[in-house]
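Each chain, written out:
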4 protein chains.
Amino acid sequence: MKKILKAVVYGASGYTGAELLRLLHTHPQVEVVALSGESQAGKDIAEVYPHLRGLGLPRLKKIEEISLDGVDVVFCCLPHGTTQDAVAAVPKSVKTIDLSADFRLKDITTYEQWYGKPHSQPELQAQAVYGLTELNKDAIRKARLVANPGCYPTSALLPLIPLLRAGLISKDNIIIDAKSGVTGAGRKVAQNFLYTEVNESIMAYGIATHRHTPEIEQELGGGLLVTFTPHLVPMSRGILSTLYVDLKGAANVEDLRHTLLDTYQNEPFMHILPEGELPSTAQVRGSNYCAIAVCRERRTGKAILVSAIDNLTKGSSGQAIHNMNLMFGLEETMGLQHLAVFP
Amino acid sequence: MKKILKAVVYGASGYTGAELLRLLHTHPQVEVVALSGESQAGKDIAEVYPHLRGLGLPRLKKIEEISLDGVDVVFCCLPHGTTQDAVAAVPKSVKTIDLSADFRLKDITTYEQWYGKPHSQPELQAQAVYGLTELNKDAIRKARLVANPGCYPTSALLPLIPLLRAGLISKDNIIIDAKSGVTGAGRKVAQNFLYTEVNESIMAYGIATHRHTPEIEQELGGGLLVTFTPHLVPMSRGILSTLYVDLKGAANVEDLRHTLLDTYQNEPFMHILPEGELPSTAQVRGSNYCAIAVCRERRTGKAILVSAIDNLTKGSSGQAIHNMNLMFGLEETMGLQHLAVFP
Amino acid sequence: MKKILKAVVYGASGYTGAELLRLLHTHPQVEVVALSGESQAGKDIAEVYPHLRGLGLPRLKKIEEISLDGVDVVFCCLPHGTTQDAVAAVPKSVKTIDLSADFRLKDITTYEQWYGKPHSQPELQAQAVYGLTELNKDAIRKARLVANPGCYPTSALLPLIPLLRAGLISKDNIIIDAKSGVTGAGRKVAQNFLYTEVNESIMAYGIATHRHTPEIEQELGGGLLVTFTPHLVPMSRGILSTLYVDLKGAANVEDLRHTLLDTYQNEPFMHILPEGELPSTAQVRGSNYCAIAVCRERRTGKAILVSAIDNLTKGSSGQAIHNMNLMFGLEETMGLQHLAVFP
Amino acid sequence: MKKILKAVVYGASGYTGAELLRLLHTHPQVEVVALSGESQAGKDIAEVYPHLRGLGLPRLKKIEEISLDGVDVVFCCLPHGTTQDAVAAVPKSVKTIDLSADFRLKDITTYEQWYGKPHSQPELQAQAVYGLTELNKDAIRKARLVANPGCYPTSALLPLIPLLRAGLISKDNIIIDAKSGVTGAGRKVAQNFLYTEVNESIMAYGIATHRHTPEIEQELGGGLLVTFTPHLVPMSRGILSTLYVDLKGAANVEDLRHTLLDTYQNEPFMHILPEGELPSTAQVRGSNYCAIAVCRERRTGKAILVSAIDNLTKGSSGQAIHNMNLMFGLEETMGLQHLAVFP
C-alpha cells in the first residue's frame with residue numbers, strides 16, 4: 001500500500017523522537033524518510049535505540065544534510081532554544097509540528113522571562129497554533145506550524161479548560177499537584193536521573209519555577225495564576241495530576257463531570273471515569289488516552305480532579321501524531337490505536 | 001551487658017512489627033521476650049521474615065499464650081478493631097504503645113463514624129496519649145498508653161502544627177497532597193498491592209474518605225477541615241507530603257522556616273532544609289528522620305511545604321521506639337541511630 | 001471493514017487474556033465476540049482491566065454461557081488443570097489455541113508426573129501441535145489444536161533447537177539460567193507477589209523442579225536433561241535466558257551465530273544480534289520480538305547465548321496470535337506490529 | 001565515650017564512601033576525622049549526600065589537604081588506577097583498607113592484562129592482604145594494607161572456596177551467573193545507568209571480559225578458569241550469584257551443605273540456609289549478611305548454589321569495616337549490626 005505522507009523527524013535520538021518512530025511504525029499513511037540526531041549522526045537508529053532495529057528506517061543525519069524536497073511534515077523534537085532557527089529553516093510548504101517549548105508561549109516577553117533569552121522567531125511564533133488536540137481542532141486543521149503542548153500542561157488543561165469555560169470553577173486557588181515519570185527529563189545524562197538516585201524515592205522539584213507554568217496559565221486564560229508543583233516519581237512513564245479547584249456559585253461535582261462528559265463525548269482518547277473510579281498511570285501507559293476522575297471534597301465549595309496520561313504519548317508524541325492526522329485530514333486515530341501495555 | 005527493659009511485640013508478623021524488631025535489635029536497653037502472630041503462631045520469625053534469622057528471637061505465639069509477668073512494655077501492632085480488647089487486657093503496670101489507629105481519636109463518636117463500629121474501650125481511650133513525639137513529649141513521658149500516630153498524620157502534623165500555633169497560617173484551605181510507598185498497606189495480600197499492579201504506576205485513592213483525615217484534623221485542632229489526598233507510589237517505603245497553606249496577615253515564608261527551625265532546633269531527627277533544597281524520601285529511607293522544606297509560592301499569601309519521612313520508621317515503628325525511650329527516661333536516640341540506606 | 005474471524009477468549013480476566021485483547025484490538029481481521037472470566041462473570045472487562053475501557057468488548061461470561069456457533073477460534077487462557085475439559089468441549093470445527101500447559105507434553109505420563117494428576121484428554125493431546133511458531137510452521141498451519149509454548153521454553157528453545165539440529169552443540173551440560181518479570185506468575189494474589197516482597201530483590205525459585213523443564217527437554221529431544229534455574233526479577237515483563245553450552249567438535253561461536261542467522265533470516269520477529277551486542281528485555285517489552293546474542297567464552301569449547309523476550313507477548317499471547325495467523329492463512333505480522341515500548 | 005580510632009575516608013563522594021559513613025556512624029569506636037572528594041572538595045557532605053546531613057562530619061577536601069597525623073586507618077574508595085599512588089603516599093604507620101581493585105591481583109602481569117596499564121606499586125602489592133574476611137582472618141589481623149574484595153567475587157568465593165578446599169567439587173565447569181543491582185556501577189553518570197534505561201529491564205554485560213574474573217580465579221586457585229556472567233538488574237542494591245558446579249567423586253549435596261555449615265558455624269554474618277529455602281537479595285539489603293543455599297540438581301553429579309549479599313555492604317563497605325575490626329582487635333560486629341531493611 002502506497003503511503004501518502006513523507007515525514008522527517010528532527011531530534012530522533014531523544015525519547016520523544018523514539019516514541020514518534022514507535023507510533024509512526026504502525027501508521028498506515030506515513031513514511032519516515034529522514035531522521036536527524038546531531039551527536040549521533042551517521043549511526044543506524046538501532047545503535048541508539050535497539051528496539052527500533054530492523055525497521056528499514058533511514059540512518060541518522062545532521063539536519064543540514066537532510067533535504068526536505070517532497071517532504072510533507074517535519075516533527076521537531078529538538079531541545080528548546082535550538083528549535084526556533086531549525087523550524088524557521090523549514091520551507092513554508094512543509095507542515096511542522098514542534099514538540100519543544102519554543103513556540104508554545106504566545107507572548108515572547110513571557111518566553112524570554114521564563115527561558116532566559118529572547119525569542120529569535122517572533123513572526124513564526126505569531127503563526128504557531130497551540131496543539132492541545134481535543135480543544136483546538138479547527139485551528140490545528142489549518143495550521144502550518146503546531147506548537148505541541150507540554151506534558152504537564154496537557155494533563156492539567158484537558159480537565160480544567162472546559163470547566164473554566166463553563167464557568168463552573170473559580171480562577172482563584174487552582175492547585176496542580178503533578179507527578180511525573182522520569183522520561184519527562186528526556187534522555188539527559190545527569191546524576192539526578194541515575195537509576196540509583198531516582199529509584200525508591202519521590203521528590204518535588206521546580207516549585208514555583210517550572211517552565212510549564214506560564215504555558216498552563218496562558219491556555220487557562222484570563223490572567224489567572226496557578227499553583228503548579230511537579231514531582232518526580234520512580235517510574236519511566238506517566239503523569240498523574242491532582243487538581244484542587246473552588247466551585248463557583250451553585251456548581252457541584254456532578255456539573256463538573258457532565259461538562260467533561262459532554263465536552264469529550266466524541267473524543268476517541270478521552271475517558272471521563274464513572275463516580276468512584278480513580279485513574280492510574282498504568283491504565284494509559286504507552287497509549288494516547290487521557291483518563292479523568294471528578295471527585296467530591298468533604299468541604300462544600302471544593303472539588304478534586306485527577307487526570308492520568310502517558311507523558312511521552314498523549315503528553316508528547318502521540319498528541320503530535322493526532323495533530324498531524326488533523327492537519328492532513330486523516331482519520332484521527334491512525335497510528336494511535338495502541339492500548340496501554342498493562343501490566 | 002544486662003538490658004533494662006523487657007518488651008513484647010503483638011502482631012510481629014506485620015511490617016510494622018518486623019520494623020520494630022529490626023530497630024530494637026540495635027537498641028542497647030531492650031530485650032524482646034515474646035512475639036505474637038496469630039495466624040503464624042508456632043513459627044520461627046525467620047520463616048515469616050528471613051531477614052530476622054539467627055537473632056535468637058522467641059518463636060511466634062498466640063497472644064493468650066504470652067505471659068506479661070515482668071514485662072515492661074508492649075508494642076501493639078495489631079490491625080485496628082482487634083486492638084482495643086488486646087490493649088485492655090494488658091495489666092496496668094505494663095506500658096503500652098499502640099501502633100494501630102484504635103486509640104488515636106479522642107472523640108469516640110468520630111471513631112465510630114470513620115471506623116464503622118463503636119469503640120469498645122472508651123475509658124482506656126480517655127487515658128491514651130497521642131504520640132507525636134517532638135510535639136508532645138511531656139505527656140508521652142508520663143503516659144501509660146501511647147497511641148502512636150499514623151504515617152500520613154506524622155508527615156503532615158510535624159510541619160503544620162508549629163505554624164498554626166504560631167498563628168502564621170490560616171486554618172482554611174489547607175491541602176495535604178500525600179504520596180506513599182506500598183508498605184503503607186502493610187503485608188495485606190490483595191490484588192491491588194501485587195507487584196504487577198503497582199509497578200510503573202501512580203494513583204490517588206481514598207479521596208475525601210481516608211481514615212487519617214480525622215486524626216489530622218483532631219491534632220490541628222480548632223475544628224478545621226483539611227483536604228487530604230493520599231496517593232500510592234511505586235516504591236516500598238516513604239511518604240512525601242506536599243502542603244499548600246494560606247499565609248496569615250503579614251507572615252512570609254521566612255517566618256515559617258524560622259518557626260520550624262526554632263521549634264525543632266534541639267530535635268535529633270528533624271531537618272528543616274535550607275532555602276532551595278527539597279527533600280526526597282530516599283534521604284530518610286529506613287531512618288527516623290523527617291526532612292521539611294518551606295517554599296515560596298508565586299502568589300503572595302501562599303506557601304508550600306514539603307515533608308519526607310519513612311512511613312515504617314518515623315511514621316510508625318521508629319516513632320514508637322522514640323516514644324518508648326521517653327516513657328522510660330532513656331536517651332532519645334537509642335535504637336534509632338540508623339541513617340538512611342542510600343542509595 | 002468487515003473482519004474475517006470471530007474469536008472467543010476463555011479466561012480473559014488473567015494477564016495473558018488481557019494481553020490477547022490488547023493485541024487483537026489492532027488486528028485487522030479479528031473480532032472478539034465473547035469473553036469468559038469465571039469469577040468475574042457479568043462484569044464489564046473495564047471493571048477488571050481499566051486499560052480495556054471503551055473498546056466495545058463483550059461482557060465477561062461463564063464458559064457455559066458462551067455459544068461457539070459461528071466462532072472461528074478459541075483462545076484458551078485458563079489455569080492448567082481446568083483446561084483439558086474446556087478444550088474438549090469446543091466443537092471440532094473451531095480451532096483452538098491453548099495458552100496453558102495442559103497440552104504441551106506429548107507424553108501423558110510425564111504430564112502426570114510433573115503436574116500431579118492424570119491427563120483427562122489423552123486423545124486430544126495426541127492431536128495437539130506444539131506452537132513454537134518459527135520452528136513448527138507447517139504443523140501449526142494444519143493444526144486444529146495448538147499448545148502454545150511456555151514463556152521460559154520459548155526463550156530457551158528458539159536459540160537452542162537450531163544449534164542442536166545443526167549438531168553444533170552438545171546435548172550434555174546445557175544450563176539455562178533464566179530471569180523473569182513478575183507477570184510470569186499471572187494475576188495470582190499471593191504474598192510472595194506483593195509489590196513490597198518483590199521490589200528491590202532478586203531470587204531463584206523452583207530449582208530443579210520447575211514445570212517448564214520437561215517441556216524444554218521434550219522439544220530439545222534426544223532424551224537430554226537440562227539444568228533450568230528460573231529467577232524472579234523486580235520488573236513486570238520480560239524474560240532473559242542465559243544459556244551455557246558446550247561446543248561440539250570444531251564448532252565455534254561464529255558457526256552458532258551463522259546458523260541462527262540462517263534459520264531466522266526471514267522471520268519478522270527474530271533478531272540475531274551482531275557480535276558485541278547484548279539484548280535487554282527493555283528492547284522487546286510489549287512486543288513479539290525475540291533478540292538473541294551469541295557470545296564467546298574464555299574457555300575453548302564453550303559458548304554463551306542470551307535471549308530476550310516479553311513473556312506475555314512472544315512468550316504467550318503474541319505467539320498465540322502469530323499461530324492463529326498461520327492457522328488461518330493470514331499475514332504473519334497482523335496484530336503484532338507493536339514495537340517495544342521503550343523506555 | 002571517647003572513641004579509640006581515627007579514620008579517614010578517601011573518595012567519600014562515591015557510593016562505597018557514603019556506605020562507609022552510614023555504617024561508621026553507628027560504630028562505637030571510630031571517629032571520622034577527614035573526608036576526601038576531589039571534584040567536590042570544599043563542600044559539606046550533606047550537599048553531596050543529603051542523608052548524611054547533621055552528623056558533624058568534616059567537609060570534603062582534596063587528598064593533599066588532609067593530614068594523616070594521628071590517624072589510625074584510611075579507607076580508600078577511589079576509582080581504580082588512581083588508587084595505587086594514593087595508597088603509597090599513606091605513611092606506613094597508618095593501616096589502609098583499599099576498596100578499589102588496585103591491590104587485589106597478586107600477579108601484576110594479570111593486573112596489567114585486565115586493567116590495561118602497568119601496576120605502579122608492585123612492592124606495596126606484595127604486602128597487600130586479600131580481605132575476604134571469613135576465610136582470611138589471620139592474615140587480615142596482621143595486615144597493614146588490605147585489598148577489600150570485589151562485590152561479585154565476595155558473592156562467589158564465600159560459597160565456592162570451602163567446597164574446593166574440601167575437594168567436594170570439580171575445578172572444571174564452574175559457572176557463576178551473577179545478578180547485580182545498579183549501585184555496582186557506583187555513582188557514574190552514564191546513559192546506560194539512567195533510570196529510564198535500567199528500569200523494567202534486565203541484561204547481561206561484560207560476558208567473558210569482566211574484571212572480577214581474574215580475581216575470582218586467583219582466590220579459587222589451582223589455575224582454574226571460571227565462566228562468569230554478570231547481569232544488571234533493576235534494583236539499587238544486591239547481588240545474587242547462581243553457581244553451577246560438578247560434584248567430585250561420591251560427594252553429594254548434603255556434603256556441600258555440611259561443609260559450609262561447618263566452615264561458617266561461628267561467623268556472625270553467614271547464613272547457610274536449610275534445605276528448601278532460597279535466599280533473596282531483599283533479606284540482606286543494607287546489611288553485612290551473606291545467605292547461601294545449596295540445591296540438588298536433577299542430574300547426578302551436579303549441584304547449584306545460590307548466594308545473596310548486599311554489594312555495597314558485605315560486598316564492599318561492610319566487609320571493609322569487618323576487616324578494620326579485625327585489624328584493630330575490635331569486636332567483629334561493631335558498626336555492622338544493622339539488619340536488612342525489609343521491605
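Note that the structure is a prediction, hence the values are computed from the model and not measured.

Let us look at the overall build of chain A. Each helix and strand in chain A was counted, giving 11 helices and 14 strands. The C-alpha atoms of chain A give 20 Å as radius of gyration, which agrees with the globular expectation for 343 residues (20 Å, within 12%). Considered along the principal axes of its C-alpha atoms, chain A spans approximately 60 × 45 × 45 Å. Counting across all 343 residues of chain A, residues that qualify as buried make up 61%. Within chain A, residue pairs in contact and separated by at least 24 positions form 69% of the contacts whose partners lie at least 6 positions apart.

A few words now on the relation of the copies chain B and chain A. The operation relating chain B to chain A is a screw motion whose rotation component is 180°, with 0.0 Å of axial translation and a residual RMSD of 0.0 Å. Here the transformation between the copies is reduced to the relation of a two-fold axis. Considering only C-alpha atoms, the part of chain B nearest the rotation axis is B:Pro234, at 3.2 Å. Interface overlap between copies: 100% of the residues of chain B at the interface are likewise at the interface in chain A, consistent with a symmetric, same-surface contact.

Residues and elements named next belong to chain A. The domain boundaries assigned to chain A delineate domain 1 (5-127) and domain 2 (151-311). Look at where the C-alpha atoms of domain 1 and domain 2 centre, and you get two points 27 Å apart. Contact residues are listed per partner, giving nine residues for domain 1 and seven residues for domain 2. Grouping the amino acids of the side of domain 1 that touches domain 2 by side-chain chemistry returns five nonpolar, two polar and two charged.

To continue, consider the interface of chain B and chain A. A common way to express how large an interface is: the accessible area buried when the components associate. Between chain B and chain A, the contact holds 39 residues from the first and 39 residues from the second. The class makeup of the residues in the side of chain B that touches chain A is 20 nonpolar, nine polar and 10 charged.

The next subject is the relation of the copies chain A and chain D. Once turned by 180° and shifted 0.0 Å along the axis, chain A lies on chain D with an RMSD of 0.0 Å. Most of the interface of chain A is mirrored in chain D, where 100% of its interface residues again form contacts.

Let us now look at the nonpolar core. With 457 residues, the main nonpolar core has A:Phe75, B:Phe75, C:Phe75 and D:Phe75 as its most contacted residues. Not counting chain neighbours up to four residues away, the residues in contact with A:Phe75 comprise A:Ala7, A:Val9, A:Tyr10, A:Leu20, A:Ile97, A:Leu99 and A:Ala320.

What follows covers unusual backbone geometry. Residue and element names in this part refer to chain A. The omega torsion across Phe342 and Pro343 is -10°, close enough to zero to call that bond cis. Structurally, Pro343 is set in the segment after helix H11 (313-327). In this structure, Glu200 takes a positive phi of about 55° despite not being glycine. Within the secondary structure, Glu200 is located in the loop between helix H8 (195-198) and strand E9 (203-204).

Another point: the sheet that holds strand E10 (residues 227-232) of chain C. Residues and elements named next belong to chain C. The mixed open sheet is built from seven strands, whose spatial order is E9-E10-E8-E11-E14-E13-E12. Of all strands in the sheet, those with a lone pairing partner are strand E9 (203-204) and strand E12 (270-272), marking the two edges. Here strand E8 (residues 175-180) runs beside E10; their pairing, made up of six bridges, is parallel. Paired with Ala178 across the bridge in E10 is Pro230. Across the face of the sheet, helix H7 (residues 151-165) comes into contact with E8, E10, strand E11 (239-246), strand E13 (290-296) and strand E14 (302-309) while running at roughly 40° to E11.

All names here are of chain B. The side-chain alternation of strand E5 (residues 95-98) yields two buried faces, one formed by Lys95 and Ile97 and the other by Thr96 and Asp98. Sheet topology places strand E4 (residues 73-76) next to E5; four bridges connect them, and they run parallel. What sits directly across from Phe75, in E5, is Ile97. Considered for its hand, the β-α-β crossover made up of E4, helix H3 (residues 83-88) and E5 is right-handed. Bridge count for E5 against strand E7 (residues 145-147) is three bridges, and the pairing is parallel.

So, about the interface of chain A and chain D. Counting from both sides, the interface comprises 14 residues of chain A and, opposite them, 14 residues of chain D. When grouped by side-chain class, the residues that make up the side of chain A that touches chain D number seven nonpolar, five polar and two charged.

Residues and elements named next belong to chain A. Within the open sheet, the seven strands sit side by side as E9-E10-E8-E11-E14-E13-E12. Their pairing is mixed. Of all the strands in the sheet, the pair left with one neighbour each is E9 and strand E12 (270-272). The sheet contacts of helix H7 (residues 151-165) involve strand E8 (175-180), strand E10 (227-232), strand E11 (239-246), strand E13 (290-296) and strand E14 (302-309), and relative to E11 the element is tilted by about 40°.

All names here are of chain C. Within helix H10 (residues 253-263), the full set of buried residues consists of Leu256, Arg257, Thr259, Leu260 and Thr263. Angularly, the buried residues of H10 cover 160° about the axis, an arc narrow enough to put them on a single face. Exposed and facing more than 90 degrees away from the buried side of H10 are Glu254 and Asp262. Where H10 is buried, its residues meet H7, E12, E13 and E14.

Below, the discussion takes up helix H7 (residues 151-165) of chain D. Residue and element names in this part refer to chain D. With 15 residues, H7 ought to run about 21 Å at 1.5 Å a step, and its terminal C-alpha atoms sit 21 Å apart, in line with that. For H7, the principal kink sits at Leu157 and spans about 40°; a proline, Pro159, occurs within the next four residues. The positive-phi residue at the C-terminal boundary of H7 is Gly167, with phi of around 70°.

A word on the packing of helix H1 (residues 15-24) of chain D against helix H11 (residues 313-327) of chain D. Two quantities define a packed helix pair, namely the angle between the axes and the distance from one axis to the other. Residue and element names in this part refer to chain D. At a closest axis distance of 9 Å, the pairing of H1 and H11 adopts a crossing angle of 50°. If you check the angle between H1 and H11, you find them oblique. At the point where H1 passes H11, the crossing takes the right-handed sense. Only Thr313, Ser316, Ser317, Gly318, Ala320 and Ile321 of H11 make contact with H1, whose side of the interface consists of Thr16, Glu19, Leu20, Leu23 and Leu24. Its residues assigned to classes, the contact of H1 with H11 comprises five nonpolar, five polar and one charged.

When you line up the elements, A:Ser316 lands in helix H11. Beyond its immediate chain neighbours, meaning those up to four positions away, A:Ser316 contacts A:Thr16, A:Glu19, A:Leu99, A:Asn148, A:Cys151 and A:Asn311.

Residues and elements named next belong to chain D. Mapped onto the elements, Gly222 comes out in the loop between helix H9 (212-220) and strand E10 (227-232). What makes Gly222 exposed here is the crowd of 7 C-beta atoms within 10 Å. Considered as a pair, Gly222 and Lys171 are 51 residues apart in the sequence and their alpha carbons are 8.1 Å apart.

The next thing to look at is the packing of helix H7 (residues 151-165) of chain B against helix H11 (residues 313-327) of chain B. Residues and elements named next belong to chain B. At a minimum axis separation of 8 Å, H7 and H11 run at an interaxial angle of 100°. If you check the angle between H7 and H11, you find them roughly perpendicular. Judged by residue contacts, Cys151, Thr154 and Ser155 of H7 engage Lys314, Gly315, Ser316 and Gln319 from H11.

Here we come to the confidence of the model for chain A. Segments scoring low in pLDDT should not have their predicted coordinates read at a detailed level. In the predicted model, chain A carries a mean pLDDT of 96, and 100% of its residues have values of at least 70. Here the predicted complex carries an ipTM of 0.96, next to a pTM of 0.97.

A few words now on the environment of C:Arg22. Residues and elements named next belong to chain C. Along the chain, the position of Arg22 falls in helix H1 (residues 15-24). Exposure remark for Arg22: the 27 C-beta atoms within 10 Å place this residue in the buried category. Sequence separation of Arg22 and Gly318 is 296 residues, and the distance between their C-alpha atoms is 9.9 Å.

How each quantity is defined
Residues numbered from 1 in each chain as written. Chains lettered and ligands numbered in written order. Predicted model: local features only at pLDDT ≥ 70, side-chain atom pairs only at ≥ 80, totals over all residues. Helix = DSSP H or I, 4+ residues; strand = E, 2+ residues; numbered from the N terminus. Rg over C-alpha atoms; globule rule 2.2 N^0.38 Å. Buried ≥ 20, exposed ≤ 12 C-beta atoms within 10 Å, placed from the backbone. Contact = placed C-beta atoms within 7 Å. Least-squares fit on C-alpha atoms with pLDDT ≥ 70 in both. Domains from an automatic or database assignment. Nonpolar A, V, L, I, M, F, W, Y, C, P; charged D, E, K, R; others polar. Core = buried A, V, L, I, M, F, W, Y, C linked by C-beta atoms within 7 Å. Pairing = 2+ DSSP bridges. Axes fitted to C-alpha atoms, helices over the stretch in contact; angles between N-to-C directions. Right-handed = clockwise from strand over helix to strand, strands pointing away. Arc of directions from axis to C-beta. Expected span 1.5 Å × (residues − 1). Bend = angle between axes of the 7 residues up to and from the residue. Parallel < 35°, antiparallel > 145°, perpendicular 65-115°, else oblique. Left-handed = near helix turned anticlockwise from the far one by under 90°. pLDDT = per-residue confidence, 0-100.

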